[in-house]
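Chain by chain, the residues run as shown.
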Amino acid sequence: MNIELIKGDITKTQADALVNAANSSLLGGGGVDGAIHRAGGKQILEECIQIRNRQGKCNTGEAVVTSAGNLPAKYVIHTVGPVWNGKEDKSSKLLEACYKNSLQLAESLGVKTIAFPNISTGIYKFPKELAGKIAVETVKNFQSENIDKVIFVCFDDDNEEIYKKLLD
Ligand code: ADP
């Protein structure tokens, strides 16, 4: 599996699957979630509503999939990151679960390229260094048959610096 770092907007990223840092309502929000719903159009929200009607809210650490609407991708994988509450062990396990469950879902869909934002490091206030370490380790440890490229899309300068160091 190749790992790439891109600085920029995930809605402009070419990949089979784009991961969204959603919230448990699945009904959209701010940050990357807002950007994905805005750029992807109403199809994504309609499918999120269908998922909610079927299974209720999406728990922290879990992942669900919709189509990608107008985005240059086949799928959007919505995962709910943990809100940082200072409890490092529990939050770290949940963040790891976000990456693992998203990768597993992508793998089961036959995805070859997948792009991740820096889950939980915005509104959810997860410490960026720790979040980056967990993201990179979880991706490196994932055994995949189908996925050949994972792209970390860093939106802010801090995350770009952190991922540059981690991937060196
Ligand atoms: P969370 O609630 O999981 O913290 P946020 O969307 O607030 O989600 O932030 C997660 C990360 O996504 C942050 O690092 C933020 O800088 C980044 N981000 C915000 N908008 C975009 C975008 N359009 N593309 C990629 N990353 C983005």
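Residues numbered from 1 in each chain as written. Predicted model: local features only at pLDDT ≥ 70, side-chain atom pairs only at ≥ 80, totals over all residues.

Even after reading the chapter, I still don't get the overall build of the chain, so can you show me in this structure?
Of regular secondary structure, the chain possesses five helices and six strands. Helices and strands appear in the chain in the N-to-C order β-β-α-α-β-β-α-β-α-β-α. Computed over the C-alpha atoms, the radius of gyration of the chain is 14 Å, within 12% of the 15 Å expected from 2.2 N^0.38 for a compact globule of 168 residues. Across its three principal axes, the chain shows a C-alpha extent of roughly 40 × 35 × 30 Å. Counting only residues that meet the buried cut, the chain has 44% of its 168 residues in that class. (Helix = DSSP H or I, 4+ residues; strand = E, 2+ residues; numbered from the N terminus. Rg over C-alpha atoms; globule rule 2.2 N^0.38 Å. Buried ≥ 20, exposed ≤ 12 C-beta atoms within 10 Å, placed from the backbone.)

Looking at this model, I keep getting lost on the environment of A97. Mind explaining?
Within the secondary structure layout, A97 lies in helix α3 (residues 88-108). Considering only alpha carbons, one finds A97 and I10, 87 residues apart in sequence, at a separation of 21 Å.

Would you mind going over the site of the ligand with me for this structure?
Taken together, 21 residues are adjacent to the ligand, and A21, G31, G122, Y124 and F155 come closest. When grouped by side-chain class, the residues that make up the shell around the ligand number 10 nonpolar, eight polar and three charged. (Near = placed C-beta within 6 Å. Nonpolar A, V, L, I, M, F, W, Y, C, P; charged D, E, K, R; others polar.)

Which parts of the structure should I look at to understand the UniProt feature "domain: Macro" (unreviewed entry) in the chain?
Per the UniProt record, "domain: Macro" (unreviewed entry) is annotated on residues 1-168. For residues 1-168, helix accounts for 42% and strand for 20%, while the C-alpha atoms at its two ends are 16 Å apart. (UniProt positions renumbered as here; feature names shortened; annotations may be inferred.)

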